[in-house]
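# Survey of secondary and tertiary structure
Okay, here's what each chain looks like letter by letter:
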Amino acid sequence: PRVPAAMADLLELSLPGNTTAPDDAGLSLEQAVESVESTVAQTVTTTVETASSGVLRIMQLLQMQWIVAGLFVLIATALSVRLTYKHFQHYNAPQFQKHIVRIVWMVPLYSLESWFSICVPSWSVLFDAIRDVYEAYVIYTFLSLLIEYLGGEVNLGNTLELKRRFRHPWPLHSLQPIKPGRRFL
């Protein structure tokens, strides 16, 4: 069977990367199929090579991210361990230092959480939840540290009892004035 010249033109011109001129006499069906198969095989081979080199490049970038992030995690953790060790070595104000150490440990926890999220993105939601729980604990610890700096809860409550009522700032100025004291804490 012979392929008409017009169809041969269409086959030859529609193939990517084909620069040969079509044969005016027409191609046999086997020749047309072989031509299409070889062009498709060449195109697929080129596409796979390009894609695999792209995937390889992405993997190299991910490995670089893991390494750089890992180095910073190690540095942050080492500095936090050293600071914690120094606080425990000179533990002369435990009412303050216990809160400070809890706050300092936020740095390695954040850095480890970020590094794990880079390494295992499918688990990043779990890592974020753990980080958020510790962040809430650190906020509570910071408030406790401030109260300790102000003389403790009882002393601060007594000091606030001596203060007079004050009004809310605008736009809440229409609310009832606040009476500071132990209940305010």
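That block above? That's the structure.
The structure contained in this document is the topic of the report that follows. All values derive from a computational prediction rather than experimental measurement.

This brings us to the overall build of the chain. Helix and strand counts for the chain stand at six helices and two strands. Counting from the amino terminus, the chain carries its helices and strands in the arrangement β-α-β-α-α-α-α-α. Taking all 185 residues of the chain together, 24% fall into the buried category. Across the chain, contacts joining residues at least 24 apart in sequence account for 50% of those joining residues at least 6 apart. About 13,600 Å² of surface is accessible on the chain, with carbon and sulfur atoms providing 68% of the total.

This part is about the side chain of Ser 124. As for its position among the elements, Ser 124 is in helix α5 (residues 124-149). Within the structure, the side chain of Ser 124 is placed 3.0 Å from the backbone oxygen of Pro 121, a separation counted as a polar contact. When neighbours within four sequence positions are excluded, Ser 124 is seen to be in contact with Glu 113 and Ser 117.

Overall, the coordinates contain six aromatic pairs when judged by the stated rule. Here the aromatic rings of Phe 96 and Tyr 149 are separated by 4.5 Å at their centres, their planes lie at 20°, and the arrangement is stacked. Of the two residues, Phe 96 is situated in helix α3 (residues 94-104) and Tyr 149 in helix α5; the sequence distance between them amounts to 53 residues. Each ring, one from Trp 123 and one from Phe 127, has its centre 6.4 Å from the other, and the planes form 40°; the classification is tilted.

The interhelical angle for the contact between α3 and helix α4 (residues 106-119), taken along N-to-C directions, is 15°, at an axis separation of 5 Å. When the axes of α3 and α4 are compared, the pair comes out roughly parallel. Between α3 and α4, the residues in contact are Arg 102, Ile 103 and Val 104 and Met 106, Val 107 and Pro 108, respectively. Its residues assigned to classes, the contact of α3 with α4 shows five nonpolar, no polar and one charged.

Residues Met 64, Val 68, Phe 72, Ile 75 and Leu 79 make up a contiguous nonpolar surface patch of about 510 Å² in total accessible area. Mapped onto the elements of the fold, Val 68 is located in helix α2 (residues 29-89).

As a further point, take the pattern of salt bridges. This structure, assessed with the given rule, holds three salt bridges. Of the charged contacts in the structure, one is a salt bridge between Glu 113 and Arg 131, with a shortest N-O distance of 3.3 Å. Here the residue Glu 113 occupies a position in helix α4, and Arg 131 occupies one in helix α5, the gap between them amounting to 18 residues. For Asp 128, the salt bridge is made with Arg 131, and the minimal N-O distance between the two is 3.6 Å. Of the two residues, Asp 128 and Arg 131 are both situated in helix α5; the distance of three residues between them amounts to about one turn of the helix.

Okay, the environment of Val 73 next. By the secondary structure assignment, Val 73 is in helix α2. When its relative accessible area of 9% is taken as the criterion, Val 73 is described as buried. As for Val 73 and Ser 111, which are separated by 38 residues in sequence, their C-alpha atoms are 5.4 Å apart. When residues no more than four places from it in sequence are discounted, the contact partners of Val 73 are Ser 111, Leu 112 and Trp 115.

Our next topic: unusual backbone geometry. Residue Pro 171 is bonded to the preceding Trp 170 through a cis peptide linkage, with omega at 15°. In this fold, Pro 171 is placed in the segment after α6 (153-161).

So, about α5. In a regular helix each residue adds 1.5 Å, so 26 residues correspond to 38 Å; α5 covers 36 Å between its end C-alpha atoms and thus fits that length. Buried residues along α5 sit against α3, α4 and α6.

Criteria and cut-off values
- Residues numbered from 1 in each chain as written.
- Predicted model: local features only at pLDDT ≥ 70, side-chain atom pairs only at ≥ 80, totals over all residues.
- Heavy atoms only, no water.
- Helix = DSSP H or I, 4+ residues; strand = E, 2+ residues; numbered from the N terminus.
- Buried < 20%, exposed > 50% of the residue type's maximum accessible area, 1.4 Å probe, protein only.
- Contact = heavy atoms within 4.5 Å.
- Areas by Shrake-Rupley, 256 points an atom, 1.4 Å probe, with all protein chains shown as cover.
- Polar contact = N/O pair within 3.5 Å; in protein donor to acceptor, adjacent residues only side chain to side chain.
- Phe/Tyr/Trp six-rings, centres within 6.5 Å; stacked < 30°, edge-to-face > 60°.
- Axes fitted to C-alpha atoms, helices over the stretch in contact; angles between N-to-C directions.
- Parallel < 35°, antiparallel > 145°, perpendicular 65-115°, else oblique.
- Nonpolar A, V, L, I, M, F, W, Y, C, P; charged D, E, K, R; others polar.
- Patch = residues over 30% accessible without salt bridge, like charges linked within 9 Å, V, L, I, M, F, W, Y side chains within 5 Å.
- Salt bridge = Lys/Arg side-chain N within 4 Å of Asp/Glu carboxyl O.
- Expected span 1.5 Å × (residues − 1).

All we've got here are geometric facts, nothing functional implied.
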